[in-house]
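An overview of the molecular structure
One letter stands for each residue in the lines below.
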Amino acid sequence: MASSAAAATGPSEEFRYPGNRLGLPEDGQGSVATWGRRLLALLIDWLIAGLIASVVMSRPMWAGGSDYSLMHSAIFFATTAILTGLVGGTIGHRICGLRVAPVRDRKTYAAPPGLLAGVIRALLISLLIPAVIFDRDRRGLHDLAAKTVVVLR
């Protein structure tokens, strides 16, 4: 039986905290966002899209209907894709103190991720499943596909 030369005393240098592998700080500005803030931002964005859909459809949100649901989803997708890609975050992200940063070669950048990354992220978030599958850096499949990470503003 072979044994490791180093004792297993704690986390490896590669993974000490979420974002360590990307060169992000452990906490404070620029650190990886918590799940609570991200979920709250998503709910705010979903509510805003619902309110816009209500105005467009000329009926209250609680009236529902398949045409309303389609409009709600389309508005959520469009606002999320455009705002994330061009500004680096949605209204919900702003309210919750978050921003979406592009990741290239394990380094993050301050610039917005770009429209293509925004569209990829929004499409996969709309499918929901990719958003709940994530890695050690709290990057869901939507973030991995778009090469982004959500950090504190």
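Before going into details, it helps to say that this report is about the structure given with it. Note that the coordinates shown come from a computational prediction; the quantities given were computed from them, not determined experimentally.

1. Regarding the packing of helix α1 (residues 35-57) against helix α2 (residues 66-87)
The geometry of a pair of packed helices is captured by two quantities: the angle between their axes and the separation between those axes. Across the interface, α1 lies against α2 with an axial gap of 8 Å and an inter-helix angle of 125°. Put simply, α1 runs oblique to α2. Crossing hand, α1 versus α2: right-handed. Note on element contacts: α2 touches α1 through Asp-67, Tyr-68, Met-71, His-72, Ser-73, Ile-75 and Phe-76, opposite Leu-42, Asp-45, Trp-46, Ala-49, Gly-50, Ile-52, Ala-53, Ser-54, Val-56 and Met-57. In terms of residue class, the contact of α1 with α2 is made up of 11 nonpolar, 4 polar and 2 charged.

2. Describing the sheet that holds strand β2 (residues 107-108)
Here 3 strands make up an open sheet; going across it, the order is β2-β1-β3 and the pairing antiparallel. Of all strands in the sheet, those bounded by a partner on one side alone are β2 and β3 (148-152). Relative to β3, strand β1 (residues 98-104) is paired through 5 bridges, and the arrangement is antiparallel. Counterpart to Leu-98 in the pairing with β3 is Leu-152.

3. Things to note about α1
Over its 23 residues, α1 extends 32 Å from the first C-alpha to the last, a length consistent with the 33 Å expected when each residue adds 1.5 Å. Residues Arg-38, Ala-41, Ile-44, Asp-45, Ala-49, Gly-50, Ala-53 and Ser-54 constitute the buried set of α1. The inward-facing, buried residues of α1 abut α2, α3 (91-95), β1, α4 (115-127), α6 (141-146) and β3. With its phi angle positive at about 55°, Ser-58 sits one or two positions after the end of α1.

What counts, and at which threshold
Residues numbered from 1 in each chain as written. Predicted model: local features only at pLDDT ≥ 70, side-chain atom pairs only at ≥ 80, totals over all residues. Heavy atoms only, no water. Axes fitted to C-alpha atoms, helices over the stretch in contact; angles between N-to-C directions. Helix = DSSP H or I, 4+ residues; strand = E, 2+ residues; numbered from the N terminus. Parallel < 35°, antiparallel > 145°, perpendicular 65-115°, else oblique. Left-handed = near helix turned anticlockwise from the far one by under 90°. Contact = heavy atoms within 4.5 Å. Nonpolar A, V, L, I, M, F, W, Y, C, P; charged D, E, K, R; others polar. Pairing = 2+ DSSP bridges. Expected span 1.5 Å × (residues − 1). Buried < 20%, exposed > 50% of the residue type's maximum accessible area, 1.4 Å probe, protein only.

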